[in-house]
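So the chains spell out like this:
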Amino acid sequence: MKPLLAVRDLTTEFAMPGGLVARAVDGVSLDLYPGETLALVGESGSGKTTLALSLLRLIPEPPGRIDPAGRVELDGADILRWDAKALRRVRGGDLAMIFQEPGSSLNPVMTVGSQITETVRAHGQPDRRAARRRALELLADVGISDPDRRLGQYPHQLSGGMQQRVMIAMALAGNPKVLIADEPTTALDVTIQLQILDLLSDLQRRLGLAVLLITHDLGLAARVADRVAVMYAGRIAESAPAARLFDHPQHPYTEALLHAVPRIDRDVARLPVVPGQPPLATQWPTGCRFHPRCRHAWERCRGAEPSLLGTDQEHLARCWLVDEPARRAP
């Protein structure tokens, strides 16, 4: 099966004061197939959101810059080569995004109805009445009761969960093939998080969406993802089917993240943590980027950076331990 979204060697960098360059996304490649959910996980600062914005070419230039040597192919067409007019059609159309913090993403001085109908009209429905009917359908699809009344309300009159449902409705307005969900449950309480996850899963099944889910929550990824890609220091550190990655992590970073997840079946005085701090994007370490924090590191790790390695293409890790598993510390 051909991927619906194919990313190849994507690099995004930012010019910094003093002539420094921060390479927030550094040579990332990944595939997203029709109907699947790919979770992109990693701690804050790993480059997840920058990658998502790069896919939509929403990086401000300058100071940002997407390296033209990379490729972002949607249905086989490289959108990094498209002009501004073509990009306007794909953004919110075939490729849509749910942003973090719905309260700050929605326009506070426009009604919910105005924002949704504006999106509908921008993607092929110029008639105002038809756009309003479509907005009502979208609100009903995302589980908002009394949609006719909600259309006339402003974002501050809605709860956080309802605001997120409005954001999902806007993302669906252009009938997307790919939906990027950037931390869609971060600002919500636990019960509402589950409702939003169930809603996204239901919409995916009904509409045949491919979903790129960006999260730092490994439990969320385990619940909904078909495959998981772990990102660290601007690169993909490991990728695998979800069950394989959680049962048999190959990269020490993935292993450390899993150990740091709180467990209700264990009584511990102190939660384990990943030692050290993530490196700065202006000063990536030589060799493996995780080696300063890795308990398995040896000289090879400090001198040369591995590519993604594995015994098969389904489970790959950017770690020399794949070649030399005997060096893994107990």
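Below is a short write-up of the structure.

### A closer look at the packing of aromatic side chains
Point 1. Scanning the model with the defined rule gives 3 aromatic pairs in all.
Point 2. An angle of 50° between the planes, with centres 4.5 Å apart, marks the rings of Tyr 232 and Tyr 253 as tilted. You can see Tyr 232 sitting in strand E10 (residues 227-232) and its partner Tyr 253 sitting in helix H11 (residues 252-259), a full 21 residues away along the chain. For the residue pair Tyr 232 and Tyr 253, the accessibility class agrees, reading buried in each case.

### Side note on the sheet that holds strand E7 (residues 95-98)
Point 1. In spatial order, the strands read E7-E8-E9-E3-E10-E11-E13-E12; together these 8 strands make up an open sheet with mixed pairing. Looking at strand neighbours, the two that pair on one side only are E7 and strand E12 (309-312), the edges of this open sheet. Recorded for the sheet is a direction-independent mean angle of 20° between the axes of neighbouring strands.
Point 2. Sheet analysis places E7 next to strand E8 (residues 178-182), joined by 4 bridges and oriented parallel. Looking across to E8, one finds that Ala 96 is bridged to Leu 179.
Point 3. Most of the contacts of helix H7 (residues 160-172) go to E7, to which it runs at about 175°, and overall it touches E7 and E8.

Conventions and cut-offs
- Residues numbered from 1 in each chain as written.
- Predicted model: local features only at pLDDT ≥ 70, side-chain atom pairs only at ≥ 80, totals over all residues.
- Heavy atoms only, no water.
- Phe/Tyr/Trp six-rings, centres within 6.5 Å; stacked < 30°, edge-to-face > 60°.
- Helix = DSSP H or I, 4+ residues; strand = E, 2+ residues; numbered from the N terminus.
- Buried < 20%, exposed > 50% of the residue type's maximum accessible area, 1.4 Å probe, protein only.
- Pairing = 2+ DSSP bridges.
- Axes fitted to C-alpha atoms, helices over the stretch in contact; angles between N-to-C directions.
- Contact = heavy atoms within 4.5 Å.

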